[in-house]
Amino acid sequence: MNCSHCGDKCDNSNIKIEEHIFCCNGCKTVFELLNENNLCEYYDSETTPGIKIRNEVYYDKFNILDEPEVSRKFILYEDTKITKVKFNVPQVHCSSCIWLLENLNRLNPSINNSEVNFQKKEILITFEKTLSVKEVAILIASIGYEPVLTSEVQVKSLAHKTLVIKIGIAGFCFGNIMLFAFPEYLGLEEKDFSKFFGWLSMFLALPVMFYAGVDYLKSALKGFRQRFINMDIPIALGMITLFVRSAYEVISETGAGYFDSLSGLIFFLLVGKWFQSKTYDTLSFERNYKSYFPLSVGVKKEGEITSVKLENLKVGDEVVIRNQEIIPADSILQEGNASVDYSFVTGESDYISVNKGEKLYAGGKHNGKEITVILTHKPDNSYLTQLWNSNNLSKEDKTITKLADTVSHYFTIIIISITLLTFLFWFFVDASLIWNTVTSVLIIACPCALAMTIPFTLGNAMRFLGRKSIYVKNIQVIENLSKINHVVFDKTGTLTQASEKKIYYTPVKLDESEINIQVKSLVTHSSHPLSVALNKHLKSVPALEIDDFKEIPNKGVEGLLAKNEIFIGKYDLSQYSNQAFQGSTVAVVINEELVGFYTLTSTFREGIKSLVQKLLQKEYKISLISGDSEADDIKIKEELGIENRQFNCAPLDKLNFVKAKQKEGDTIVMIGDGLNDAGALMESSVGIAVSDDVNYFVPACDTIMSGEALQDLEKLLLYSKISIRIIWAGFTLSFIYNVIGLSFAVSGSLSPIVAAVLMPLSSITIVAFTSLTTRYYFKKLFKI
Amino acid sequence: MNVEKFAYDNSIVKKFALATVIWGIVGMLVGLLAALQLVWPEANLTSWLSFGRIRPLHTNAVIFAFVGNGIFAGVYYSLQRLLKTRMWSDKLSNINFWGWQIIILSAVLTLPFGYTTGKEYAELEWPIDIAITLLWVVFGWNMMATILVRRVQHLYVAIWFYIATFVTVAVLHIVNSFEFPVNALKSYSVFAGVQDALVQWWYGHNAVAFFLTTPYLGLMYYFIPKAADRPVYSYRLSIIHFWALIFLYIWAGPHHLLYTSLPDWAQSLGVVFSVMLIAPSWGGMLNGLLTLRGAWDKVRDDVVLKFMVVAVTAYGMSTFEGPMLSLKFFNTLSHFTDWTIAHVHIGGLGWNGMLTFGMLYYLIPKMYGGKLYSKKLANYHFWIATIGILLYAVPLYWAGFVQGFMWQDFNPDGTLVNKDFLETVTQLKPYYAMRAAGGALYIVGAILMAYNLVKTAVHGTFIANEDAEAPALVKNTKAHDDGYWHRVIERKPMRMLVISLIVILIGGAVEIIPTLIVKSNIPTISSVQPYTPLELEGRDIYISEGCYNCHSQMVRPLRFETERYGEYSKAGEFVYDHPFQWGSKRTGPDLAREGKGNKLAKSDYWHYDHLIRPAEVSKGSIMPSYAFLKDDPLDRTYTKKKLEVMISLGVPYTDSTLANYEMMMDQQSDEIAKNIEKDLKGLGVEISEAKFNEIKNSKMIALIAYLQRLGSDIHNEQVTENK
Amino acid sequence: MTMIFMLTGISLILAIGFLSAFLWAVKSGQFDDDYTPSVRILFEDSVKKVKTNNKTIKGNKNHKQ
């Protein structure tokens, strides 16, 4: 049997409506809600489209939306009658989701309109003032689409739009100018037409030159001012010469000009730009600690709880933290007993129990009854978050000098000198040809193909990698990857998999077979990670009814089964430490005597061993820096053979480690997953964040890859190297074209048709060549 | 503000759907008649049922009545649902419907009686042209207004196709219909010869592009996903493919005039763009087919999808064939043969026909809130129609090759193998018979559908107003981050439309005025003179009988043509042809060099005799008899007016001509009549004075006068090129 | 061939008309989302006769098999 709402298995579930079985009450509630509102079409286009309602949603967290300056972040538009908000809802996954979310007004008539953007996983909701932003958020959360309450509302980049427009205009003019140039090409021109068309082309070329292509002129000028030769200088040179010469020819009626080549050149360049500007809408590479933390928290003042924005928190504030809320800053526990999950921070998803007066670190997630803490730091210079404010952390110096710049540097110099030589040559031979030849040289030299090699090669590479769920931030990253010589791993959540545990039972009095039913019956009722792990471990075992089940925070679970008092959880096992076990233990106690215990150790991700071996063969330096204890040290040494290991690293240590190594001249790729790696991730030449759900919490980095993809790391590095080689090949190709063209140019025999053919031809060859080769090597390496 | 309740107007859709079915069957039957006439000339029962008049009726009926109503039905259905709103004005909707039907009726009442402009696919006379323009504006007005009051912010790609259709067709129709009226039912195109030809085919091609293609692509993008219940394969592709198509299509016209007297480069240009068109066209086709990827099981048992699949496939075929035919290499062979006819029918029967059928099978049950009366019948229809198409197209393709090659066949000694054009015609009869059979099958299918749909309607209950509800589109919400220009969106489409129309019209005017005043700079040939009044009248008879439907007047500069007909045609020869009569199909031989002084020239009597009993004079000819022309007296009421109009169009008739035209006509007709009388005597046939006068004053003589003039001027003098 | 001027002019004006339409569309965010609309058109927005909860449940159950 599967849950009628979310489709999860739920064999022995007794939660039903008529013949509909549900895995949990959450799913049932949603089903009822939809059913009442006659929204069951939701289940029509997809079977069981629903989102599993993991333990009930904690609506408290939406209270912060009562804060005007918080809710404002989600509001796109507001007037006296209506409000329009935009939320991120990562759960959207099928057409039913779209249907349901766009029919919200059936659930609440005060909602006027709701529009989903499936790819961006966004929803725009317009509603009447009778509703508040909070209520709307709660409404969609209640049906399983819990909006992400982070400070960043994704803003569609206008830059991208303008680029599309520019391409449109350039393409349009290109097409028409070519059309007018045809009589010319075919040598069929009739005097008065070529004149008419000449002027028309010039008219059409204006927007191309001064709107679509203006960026190249600008950046060239900029480069010129900064005495720094970039790729745009030869391009701009070519554009200007093309335009001036063509204009001259048309006005003086000496020819039809090269407006077709001009517009074509710019069109292709822009297409290249567009191609490399691929972005992963749903991912964010720029998250900083703010996106993990609540936007505001409840602060106690004379018994009153007022919610205060994160920025405005002061040391000494008494902050109230409710169940499932994140600790905003380092603090001391004041009231209640906390059980904190530092998984954002360390990746380790165990609950650590903290007692009154003990220290709590920012980024931990509290699980249990409401607690009160006193801040010891401001949020922005907490143990973790200070990383972002430490000014010694600068994005700039990580980018290695760009390939393009080096190349264009020499290229430009060569071109200028050729131009000069041509000038001098004709000056002495036949001065009348100077204008023609010199301009021709500059036209031909315009490195269109050259400029397209990099975007198309790396743009393709990016797209292909995306298929393997390796999401690269931008093409520069691939270039950096190719220079890596030192790979640094974080342990937990990266090498090891937080959720997957190896579990073995050590019998003391009874064998596992004798107690597994009792254990199963208990753990099914607990949501503690260890219980969940055990439950999974005993999935085949049936569960029995338990009397007065209790979950004792930070200790374990207990209950009565067949008059027997059963306890599962923490227990003094010091006497058994001779079994040199590592990882966490769970004792099984029946009627107050220990019958045996489970040991749960984290396991390496699949393919890690072979990955590390491959990397070692390829003579990469490998280091491991972990925030945890040496617990797994031996294992890592023996099983993986990583020599350089460091444990108990504070986030800052990790950062400094990377710094130090880079000082020694290493080019480092850091692979981590937690907030505590964030500093190192940013500092290293390439920071790769590993995550099993790429839509969720990922620290700022250059690349996001899914857990399974990690084993392809070595392929990734190799592929980036290959891509760079492809670029070089592309360069040689385009140089050949340039040489051919130049041979025409210097001899003063460059006709518009030659230019018009050569330019697109070279560009298209480049595009074809790069696309094919990148694809070929991708398939070859990643075996698809 | 809350959810708004409203109702979709189904009754207008129903009306158009009904009209589609009826006119479809009518138009196809007329086509069938025309097809039969090519096999049995006897089928040219009366003057008003003769091929020359029937064929334009067929093309107009299927294009503007069948497809036209189909477009309206589909647009009125999908537009409302895509925009979540009722049509802006039921009144306009109904004006659109009834107006359109009246126009069709007026076509039925004029074309068979010889009232035609003589321009292919634009035969309707000027009053109807004006009516069409107005009706089209009504349609566009209603559509744009509906877009303004929509409840959905995003305009689905189909709607873009509809808008493009509206704007472009308006422009094309207006430009191509610049006519100078002589009387209520007669007008002359303001353009002459080459210029007229260029405009005509610029229109002709784009009529195909924007009346038979873009609206149907729009319908495809709505009905295929709906019928298959899955989103279109790639929405992004559909958007790109729309803009690419729009930017390219407009240029492709001139390829219809390859090897004609159009300047080479203009021709080549047409070719290039036609070829470039493959990309966007196939973008559409692939997108349509791939939408059904992995759903072929659905296709197997959903008849609607079956029709759609065949339609899209046919679209793919003809959009591949089109560019191919526009290459000079293929064009040499295919042009003027039945290949062209086969090509357009793959598009017509396959793409437009099948898509329309599929659409109707989807619409009617939906609007009658029931199921289709008989899936079985629908399946039969599908197979009959498919086989019908094949049976229609394959023989015609073959006929095309056969005739094309026969025309080109040379003997080793450099003479033509088939000197007599007739030999190449008699060959084709069996193919024509098969084609007729195929067409008949197709019609049977259509009738099955009609029955099936009527039954469906009877069993179901019609939902005239389909209730729906949707939240109103939130107006003028100006986002304070990114570009949500709602207010702009609200106003823009209308403004855009109005502006572009005005601009187009102004631009048009600006362009036209010079063309009317400035002396056209075609290399003139001094020896080419205006037609005599009698010849002018004869030419009008030639036009109204639709001779151009079977006879071209354009000898291409190809050896096998000059060998057969003589000197190839020069642009300068047509400067006084309002409208041009180049034609596009040679069921009979080319007539550009039919007149005196050419090697093909024949005696007046031969023409007289041939027009009366073509089949006897040239054995096996499939030309209908025009005996009635010798009985109908020539009406000279408007001759003077015609001459005056010609003068105002820049034809240099002298005042004396204007003064003495009656006398001139008498003289010329007397001459011809005498020749005929003489030859009759030779055959031992005496005719009475009365009979002589009857012949002399008959339309026949005028027509002969015109035929004898064709392409003869050029021999009178040396060609003198002067710009 | 003055006609060429005329047709070029008209075609060009027409093309520019379309170009401006294109620009408007991009600017106004018509093409920001190039997937969801294709799904959206599949939903029927016509009001259903209100079914009793039982019916709906049954209906959707049948759907599952």
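Definitions and cut-offs
Residues numbered from 1 in each chain as written. Chains lettered and ligands numbered in written order. Predicted model: local features only at pLDDT ≥ 70, side-chain atom pairs only at ≥ 80, totals over all residues. Heavy atoms only, no water. Buried < 20%, exposed > 50% of the residue type's maximum accessible area, 1.4 Å probe, protein only. Helix = DSSP H or I, 4+ residues; strand = E, 2+ residues; numbered from the N terminus. Pairing = 2+ DSSP bridges. Patch = residues over 30% accessible without salt bridge, like charges linked within 9 Å, V, L, I, M, F, W, Y side chains within 5 Å. Areas by Shrake-Rupley, 256 points an atom, 1.4 Å probe, with all protein chains shown as cover. Salt bridge = Lys/Arg side-chain N within 4 Å of Asp/Glu carboxyl O. Lys, Arg positive; Asp, Glu negative; His and termini not counted. Charge placed at Lys NZ, Arg CZ, Asp CG, Glu CD. Disulfide = S-S within 2.5 Å. Axes fitted to C-alpha atoms, helices over the stretch in contact; angles between N-to-C directions.

A closer look at the pairing of strand S3 (residues 186-189) of chain B
Residues and elements named next belong to chain B. Along S3, one buried face is formed by Lys186 and Tyr188 and the opposite face, lined by Ser187 and Ser189, is buried too. Pairing of strand S2 (residues 179-183) with S3 involves four bridges; the strand directions are antiparallel. By the bridge assignment, Phe180 is partnered in S3 with Tyr188.

Side note on a negative patch on the surface
A cluster of acidic residues, Glu545, Asp547, Asp548, Glu565 and Glu592 of chain A, forms a negative patch on the protein surface. Inspection of the secondary structure assignment puts Glu545 of chain A in the loop between helix H20 (529-537) and strand S19 (547-552).

With respect to the pattern of salt bridges
Applying the stated criterion across every chain yields a total of 45 salt bridges over all chains. We note a salt bridge from Lys129 of chain A to Glu78 of chain A, for which the minimum N-O separation is 3.3 Å. With Lys129 of chain A in the loop between strand S6 (122-128) and helix H6 (133-142) and Glu78 of chain A in strand S3 (residues 75-78), this pair connects stretches of sequence that are 51 residues apart. Several salt bridges share partner residues, and in doing so they unite Lys186, Glu537, Asp540 and Lys642 of chain B into one network.

Quick notes on the sheet that holds strand S12 (residues 351-354) of chain A
Residues and elements named next belong to chain A. Taken in spatial order, the three strands of this open sheet run S12-S11-S14, and their pairing is antiparallel. For this open sheet the edge positions go to S12 and strand S14 (365-366), each flanked by a neighbour on one side alone. With four bridges connecting them, strand S11 (residues 338-341) and S12 associate as antiparallel partners. Counted as the bridge partner of Ser339 is Ser353 from S12.

Let's talk about the state of the cysteines
All names here are of chain B. One pass over the structure, following the stated rule, counts zero disulfides over all chains. Note on Cys547: no disulfide assigned, nearest cysteine sulfur contributed by Cys550 at a separation of 8.5 Å. With relative accessibility at 14%, the residue Cys547 sits in the buried group.

With respect to the sheet that holds strand S4 (residues 82-88) of chain A
Residue and element names in this part refer to chain A. Sheet architecture is open: four strands sit in the order S3-S4-S6-S5, paired in antiparallel fashion. Edge positions in the sheet fall to S3 and strand S5 (111-117), since each has one partner strand and no second. The mean inter-strand angle of the sheet, taken between neighbouring strand axes irrespective of direction, is 10°. Sheet analysis places S3 next to S4, joined by three bridges and oriented antiparallel.

Honestly, that's just the spatial picture; any functional story needs more than this.
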